[in-house]
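What follows is the residue order along each chain.
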Amino acid sequence: LGIWVLSQRQVYKQEKMSQERIDLLESIGFIWDPLDQEWQDRFQELKAFAIKNGHASPRQSHPSLGVWTNIQRQAYKKEKLSQERIDLLESIGFIWDPLEQAWQDKFQELKAFAIENGHASPPGSHPSLGDWVDRQRQAYKKEKLSQERIDLLESIDFKWKGK
């Protein structure tokens, strides 16, 4: 049966199969491209995850999606992901670089803090920004903070030395 299935797929790809046979095979749910079908299945699973959780970034430990999402990110970085798949993933809010997104989210939180408090130096005891601000200062001291991030922080009058 396996060899017959492979041969049907090859004949179909070569566009040598009659429409009648195509219709018959499709009527029983025949899968023409099992790799594409697997991708589509994982995408639908990720879409359901995003609806349920409000984001499309499952943890690495998620049984079926953690590794799959990382594979998509790697393929994207290597420019080996089709535009159609990129568009599908982006349509559900897929984040290509979760670490960068987390940094940007904290920066936006700090920006809101600065607007509300008139300065961008929350105390070390601040529940969500204290440690993050300290890590930015440490990275800056060690020259491990990108110029882009330095510029963003300085754009909100961030002080490199704590209060």
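Please refer to the structure placed before this passage.
Counting restarts for each chain: residues are numbered from 1 in the order of the written sequence. Two thresholds apply to this predicted model, a pLDDT of at least 70 for residue-level local features and 80 or more for giving and counting side-chain atom pairs, whereas whole-chain, interface and lining totals are computed over all residues. Each side-chain value is derived from all of the structure's non-hydrogen atoms; neither hydrogens nor water enter the calculation.

**What about the overall build of the protein chain?**
Right, so step 1: Within the protein chain, the regular secondary structure consists of 8 helices and 0 strands.
Right, so step 2: Helical segments are the DSSP runs of H or I of at least four residues, strand segments are the runs of E of at least two, and each set is numbered from the N terminus. When its helices and strands are written in sequence order, the protein chain yields α-α-α-α-α-α-α-α.
Right, so step 3: Buried residues are those whose accessible area, probed at 1.4 Å on protein chains only, stays under 20% of the maximum for their type, while exposed residues exceed 50% and partly exposed ones sit between those limits. Within the protein chain, buried positions represent 30% of all 163 residues.
Right, so step 4: For the protein chain, contacts bridging at least 24 residues in sequence account for 38% of all contacts bridging at least 6.
Right, so step 5: Per element, the accessible surface of the protein chain, about 11400 Å² overall, is 51% carbon and sulfur.
Right, so step 6: Taking the average location of the 24 positive side-chain charges in the protein chain and that of its 25 negative ones, the two points are 7 Å from each other. The contact rule is simple, with two residues in contact once any of their heavy atoms fall within 4.5 Å. Only the protein chains shown count as covering a residue, and every accessible area follows the Shrake-Rupley method with a 1.4 Å probe. Residues scored as charged are limited to Lys and Arg (positive) and Asp and Glu (negative), so that His and the chain ends carry no count. Just so you know, the charge point we use is NZ for Lys, CZ for Arg, CG for Asp and CD for Glu.

**Observations regarding helix H6 (residues 98-117)**
Right, so step 1: Multiplying 1.5 Å by the helix residue count minus one yields the expected span of that helix. For H6, with 20 residues, the first-to-last C-alpha span of 28 Å sits near the 28 Å given by 1.5 Å per residue.
Right, so step 2: On the buried face of H6, the contacting elements are helix H7 (130-141) and helix H8 (147-155).
Right, so step 3: Among the residues trailing H6, Gly118 stands out with phi positive, at a value near 80°.

**Observations concerning the environment of Ser64**
Right, so step 1: When you line up the elements, Ser64 lands in the loop between helix H3 (34-53) and helix H4 (66-77).
Right, so step 2: A relative accessible area of 27% means that Ser64 is categorised as partly exposed.
Right, so step 3: Residues in contact with Ser64, not counting those within four places in the same chain, are Arg42 and Glu45.
Right, so step 4: In this structure the side chain of Ser64 is engaged in a polar contact, spanning 2.3 Å, whose partner is the side chain of Glu45. Polar contacts, as counted here, are pairs of nitrogen or oxygen atoms within 3.5 Å of one another; within protein the pair requires one atom able to donate a hydrogen and one able to accept it, and residues that are adjacent in sequence qualify only if both atoms are side-chain atoms.

**Some words on the side chain of Arg73**
Right, so step 1: Secondary-structure assignment places Arg73 in helix H4.
Right, so step 2: Here, a salt bridge means any side-chain nitrogen of Lys or Arg that lies within 4 Å of a carboxyl oxygen of Asp or Glu. Despite its burial, Arg73 pairs with no opposite charge, the nearest such side chain being Asp97 at 7.0 Å.
Right, so step 3: Of the polar contacts made by the side chain of Arg73, one reaches the backbone oxygen of Ile95; its length is 2.9 Å.
Right, so step 4: Setting aside its immediate chain neighbours within four residues, Arg73 contacts Ser57, Phe94, Ile95, Trp96 and Pro98.

**Some words on the packing of H6 against H7**
Each packed pair of helices is defined by two parameters, the angle between the axes and the distance between the axes.
Right, so step 1: For helices, the axis comes from a line fit to the C-alpha atoms of the stretch in contact; other axes are also lines fit to C-alpha atoms, and the angle between any two N-to-C directions lies between 0 and 180 degrees. Direction vectors running N to C along H6 and H7 enclose 110°, while the axes themselves pass 11 Å from each other. Considering the angle they form, H6 stands roughly perpendicular to H7. The way H6 lies across H7 gives a crossing that is left-handed. Facing Trp103, Lys106, Phe107 and Leu110 of H6, the residues of H7 in contact are Trp132, Val133 and Gln136.
Right, so step 2: All amino acids are sorted into three groups, where Ala, Val, Leu, Ile, Met, Phe, Trp, Tyr, Cys and Pro are nonpolar, Asp, Glu, Lys and Arg are charged, and the leftover types, Gly among them, are polar. The class makeup of the residues in the contact of H6 with H7 is 5 nonpolar, 1 polar and 1 charged. What sets the label is the angle itself: under 35 degrees gives roughly parallel, over 145 gives roughly antiparallel, 65 to 115 gives roughly perpendicular, and the rest give oblique. Each crossing gets its handedness from the near helix: less than a right angle anticlockwise from the far helix is left-handed, clockwise is right-handed.

**What to know about the nonpolar core**
Right, so step 1: Within the largest apolar cluster, 16 residues are counted, with the highest numbers of intra-cluster contacts made by Leu110, Trp132, Leu153 and Phe158.
Right, so step 2: For this core, the secondary structure elements donating two or more residues are H6, H7 and H8.
Right, so step 3: Here this core gets 5 residues from one element, more than from any other, and that element is H6.
Right, so step 4: If we ignore the near neighbours within four places in the chain, the residues touching Leu110 are Ala120, Pro122, Leu129, Trp132, Val133, Leu153, Ile156 and Phe158. To qualify as a nonpolar core, a set must consist of buried Ala, Val, Leu, Ile, Met, Phe, Trp, Tyr and Cys residues joined through side-chain atoms within 4.5 Å.

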